[in-house]
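# Inside the fold
As a plain string of letters, each chain reads:
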Amino acid sequence: MALLELRNVSKLYQLGGEEIRALDDVSLDIEGGEFISIIGPSGSGKSTLMHILGCLDSPTRGTIRLDGTMIHDATARQLAAIRNRKIGFVFQFFNLLPKLNVLQNVELPMLYSGVGGRERRERALTALQAVGMDNRARHRPSQLSGGQQQRAAIARALVNNPKIIFADEPTGNLDSHTGTMILSLFHQLSAAGRTIILVTHDPEIAAVTPRRIEIRDGKIAAKIDAKLAGLDRVSPAVPQA
Amino acid sequence: MKFFNALLSGLKDVWAHKLRSMLTMLGIILGVASLVGMAAIVKGMENGMKETMVTMGGADKVLILDAQVPPEQEHLADQAPGRTLQDVYALRDSAPLIRLVSPEMSLGRSVITRGQKQVSPSECVGVWPAVLEMNLHTVAHGRFFTALDEEYAASVCVIGTGIRDELFGNPDETGKEIIPLGEVIFINEQPFTIVGMFERYESEQDRRERELAKRRPAAPANGPARARGWGRGNWAFNRKNLTVYMPLNTMWLKFRAGGDATTDVPDPRLDDIDIKVADFGQLEAALQQARNVLMFTHKGIEDFSFRTQENRVETINQQIRNARLSGGIIAGISLLVGGIGIMNIILASINERIREIGICKAIGASPETVFLQIIVEAAVIALLGAAIGVMASFGLVDLLAQISPTLNLPVITLPPIFVAVLCSIAVGLLAGVFPALKAARLNPIEALRYE
Ligand SMILES: Nc1ncnc2c1ncn2[C@@H]1O[C@H](COP(=O)(O)OP(=O)(O)OP(=O)(O)O)[C@@H](O)[C@H]1O
Ligand SMILES: [Mg+2]
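Note that this is a predicted model, so its numbers are computed, not measured.

## What about the overall build of chain A?
Scanning chain A from terminus to terminus reveals seven helices and 10 strands. In the structure as shown, chain A presents an accessible area of about 10,700 Å², 48% of it carried by carbon and sulfur atoms.

Dropping the structure here:
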């Protein structure tokens, strides 16, 4: 049984009487431990797919099974619990809470799952160590560079030991050097056995992931656009840490 | 645990916006302060009124008064006997629902002199020892009248400390307490020996003030000494201190001997008969019993009436109720305004934080967690406001006691504090419910996208 199973999933939006099919009858299986990039032109439905996979949103039609449980008609509360324990998110704009310091930001998901104070601190520090940010634990997000913020965000995504990590354009706001560094972090995580799903515009990133899914007009494209997937290039060296 | 964390972060948020939170709390602060303050003032009023009431003999005292005979008995009016000792004996012996009967025969326009000094007593009355319990007097020095004093119509008197102050010197001024037992004073030119003196009657507040003044001597006053103590509420105490009592028979024989032309007997009519009922709950029955007895002794002529303290008690209670009500309304309006202020601020603050709420939801905050977080924030503001309000009410009461010469010291009691704090928590929770629901129901994706 696959970790994630989508069957005939559609997401429709009504905009002024007009129906927009952000996702149109998508079926998809994702196995545990896969490293996948989702590519496609702007507005094709990549983020929508990721939100539905990540339990941030519910589909209009279709069924989703995550780790053995059906989630397409779960309540907001159940979805929150699933997001908390099984899923980690990394966003383009980092999305750290500005009023909390790095350590507190990383502790937050454990606060929601009811982990005790001491264990919370230890696990947060371990996660920060894993991304090389333990020396900045007491800093506010506003005192960090973009790359540092994104590493803190990755630590936060990891801290509850989730099954899957979703990242929506995680390098979109970073310069190429920092982007490479973040990307190598994802490769490490993948090597450690974690399931990672990356939404990206960047062909260079898509090129190095073992599996690519291309979305076009809300559907999964049958044939991958080689240019979009970076496959027309000389296979770039997989960045290593 | 979750709740504790919510509380902590609520406190942090309040601290982060000190000025804003303070302004938000203002309504609650005012509401709580006015509620507690008003209750304290009313309590002070109540205490003062009760004190005065007790000084005048308590609520269970009933006065028997002379009255016009009813129209159907008008032709008998000249046979009306008036109130005499006859009535007193009859009431004492045959009205079991009446516990105490105290006859009084008073001397109008009396002047008491000693050497050059003179004083007009508030009342100069011939009495039985029953008067002590009737008017709640305590003999602090010497003794009261004995059966022999009564029998022989002895020229003895018992005085209040006010009389002593005027004739022998006030201990507050002379610095020593003079107890003039055995001294002779003149009541309307007739010599009387002082055999006893009452304790000094004063209000709770006066006593405290006096003791305070004793402990730290006041700065020497320049200018004429201001007359003190004749303000509202105090008159009852001052009156009581200016009492002079003598045995009933003494009064009768010495001052009523003008007599009645037809009988050669001194005028036997009493000026007052006070009674106390055995059981306050059976007031009506007791009065009926007294009426039956008196109808008999008065040969069926109803030339008397009763005056209970009930009316007075009723007025006092009415005043207290009114004061409570107006205080409650003011406090209620303040709390309402405070609640609206809190709701307003919380709504503004969640609008500011929509994106943050979205982030929290994305990493697993359930709707309940978000709800709890927001509502606790509202409750924290309300609770802090209530705490400050309670403190402010103490200041307010202190200030009132300083600037206003009201003699009833406001008394802060626990129940209004409880009520005020509970009301503020309720207001905070109510004000928080709507914003908290709004935040809890936010769609995480829309919240994340919000700029
Ligand atoms: N809340 C919404 N209401 C209406 N239409 C929406 C809504 N959210 C998304 N859409 C539409 O769904 C489609 C897919 O949007 P989505 O954000 O998934 O695109 P995307 O592939 O992530 O694009 P980009 O690469 O620019 O991020 C778009 O046409 C968008 O206009
Ligand atoms: Mg997108």
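Picking up after the structure, the text goes on.
## Quick word on the sheet that holds strand S2 (residues 18-30) of chain A
Residues and elements named next belong to chain A. Taking strand neighbours across the sheet as the criterion, the four strands line up as S2-S1-S4-S5 in an open arrangement whose pairing is antiparallel. The sheet terminates laterally at S2 and strand S5 (69-70), the two strands that pair on one side only. Relative to S5, strand S4 (residues 61-66) runs antiparallel, the two being bridged by two bridges. In the strand pairing of S5, Leu66 is matched with Thr69.

## Some remarks on the interface of chain A and chain B
Facing the 23 residues of chain A at the interface are 23 residues of chain B. Taken together, both faces of the contact between chain A and chain B bury some 2,000 Å²; the carbon and sulfur share is 62%. Viewed at the interface, chain B and chain A are joined by three residue pairs in polar contact (both at pLDDT 80 or more). Looking at the side of chain A that touches chain B, the elements with two or more residues in it are helix H2 (76-86) and helix H3 (102-112) of chain A.

## Some remarks on the site of ligand 1
By nearness alone, 13 residues border ligand 1, and A:Ser42, A:Gly43, A:Lys46, A:Ser47 and A:Thr48 come closest of all. Chains contributing residues near ligand 1 are chains A and B. A:Gly45 has a polar backbone atom sitting 3.0 Å from an oxygen atom of ligand 1. Between an oxygen atom of ligand 1 and a side-chain N or O atom of A:Ser47, the distance comes to 2.6 Å.

## Examining the nonpolar core
Within the largest apolar cluster, 72 residues are counted, with the highest numbers of intra-cluster contacts made by A:Leu4, A:Leu6, A:Leu49, A:Leu53, A:Phe166 and A:Ile197. Sort the elements by how many residues they give to this core and helix H14 (residues 367-403) of chain B lands first, with 10 residues. The contact partners of A:Ile197, leaving out residues within four places of it in the chain, are A:Leu4, A:Ile30, A:Ile36, A:Ile38, A:Leu53, A:Ile164, A:Ile165, A:Phe166 and A:Ala167.

## A look at the packing of helix H5 (residues 146-158) of chain A against helix H6 (residues 176-191) of chain A
Residues and elements named next belong to chain A. For the pair H5 and H6, the least separation of the axes is 10 Å and the interaxial angle reads 20°. It follows from the interaxial angle that H5 and H6 lie roughly parallel. The element H5 and its partner H6 pack so that their crossing is right-handed. In this structure, H5 uses Gly147, Gln150, Arg151, Ile154 and Leu158 to contact H6, whose residues at the interface are Thr178, Met181, Ile182, Leu185, Phe186 and Leu189. Partitioning the contact of H5 with H6 into residue classes produces seven nonpolar, three polar and one charged.

## As for the pattern of salt bridges
On inspection of all chains with the given rule, the structure shows 31 salt bridges over all chains. With its nearest N and O atoms 2.9 Å apart, the salt bridge here joins B:Asp165 to B:Arg164. Since its relative accessible area comes to 1%, B:Arg164 is described here as buried. Salt bridges sharing partners connect three or more residues here, namely A:Glu5, A:Arg7, A:Asp29 and A:Arg65.

## Some remarks on the environment of B:Ala278
All names here are of chain B. Relative to the helices and strands, Ala278 resides in the loop between strand S11 (272-277) and helix H11 (283-297). What makes Ala278 partly exposed here is its relative accessible area of 47%. A sequence separation of 182 residues divides Ala278 from Pro96, and the C-alpha atoms of the two residues are 7.9 Å apart. If near-sequence neighbours (up to four positions away) are discounted, Ala278 is found in contact with Pro96, Leu97, Ile98 and Arg99.

## Examining the side chain of A:Lys46
All names here are of chain A. Looking at the element boundaries, Lys46 is found in helix H1 (residues 46-53). Buried charge without a salt bridge: Lys46, with Glu169 as the nearest opposite-charge side chain at an N-O distance of 5.1 Å. Excluding residues that lie within four positions of it along the chain, Lys46 makes contacts with Ile38, Ile39, Gly40, Pro41, Val199, Thr200, His201 and Ile215.

Thresholds applied
Sequence positions are assigned chain by chain, starting from 1 and proceeding in written order. For naming, the first written chain is A and the first written ligand is 1, with later ones following in the order written. Local features in this predicted model are restricted to residues whose pLDDT is 70 or higher, and side-chain atom pairs enter the listing and the counts only when it is 80 or higher, whereas totals over whole chains, interfaces and linings include all residues. Where side-chain values are given, they derive from all heavy atoms of the structure, hydrogens and water being excluded. Numbering of helices and strands runs from the N terminus; a helix is a DSSP stretch of H or I covering at least four residues, while a strand is a stretch of E covering at least two. Under the convention used here, a 1.4 Å probe and the Shrake-Rupley method define accessible areas, while residue burial counts only the protein chains that appear. In this analysis, strands are considered paired if DSSP registers two or more bridges between them. Residue contacts follow a heavy-atom distance rule, with two residues in contact if any of their heavy atoms lie within 4.5 Å. A 1.4 Å probe defines the accessible area here, and the buried area is the portion of it lost by two parts on being joined, summed over both. For the purposes of these results, a polar contact is taken to be a pair of N or O atoms within 3.5 Å, where, inside protein, one atom must be able to donate a hydrogen and its partner to accept one; residues adjacent in sequence count only when each atom of the pair is a side-chain atom. If even one non-hydrogen atom of a residue comes within 4 Å of a molecule or strand, that residue is called near it. What we call a nonpolar core is a set of buried Ala, Val, Leu, Ile, Met, Phe, Trp, Tyr and Cys residues that are connected through their side-chain atoms within 4.5 Å. Residue exposure (1.4 Å probe, protein chains only): buried if accessible area is under 20% of the type maximum, exposed if over 50%, otherwise partly exposed. Whenever a helix is involved, its axis is fitted only over the stretch in contact; in every case the axis is a line through C-alpha atoms, and angles between N-to-C directions fall within 0 to 180 degrees. Throughout, the term roughly parallel applies to angles under 35 degrees, roughly antiparallel to angles over 145, roughly perpendicular to angles from 65 to 115, and oblique to all others. Here a crossing is taken to be left-handed if its near helix is turned anticlockwise relative to the far helix by less than a right angle, and right-handed if that turn runs clockwise. For this classification, Asp, Glu, Lys and Arg are treated as charged, while Ala, Val, Leu, Ile, Met, Phe, Trp, Tyr, Cys and Pro are nonpolar and the rest, including Gly, are polar. Take a side-chain nitrogen of Lys or Arg and a carboxyl oxygen of Asp or Glu: if they are within 4 Å of each other, that pair is a salt bridge. His is not counted, nor are the chain ends, whereas Lys and Arg count as positive and Asp and Glu as negative.

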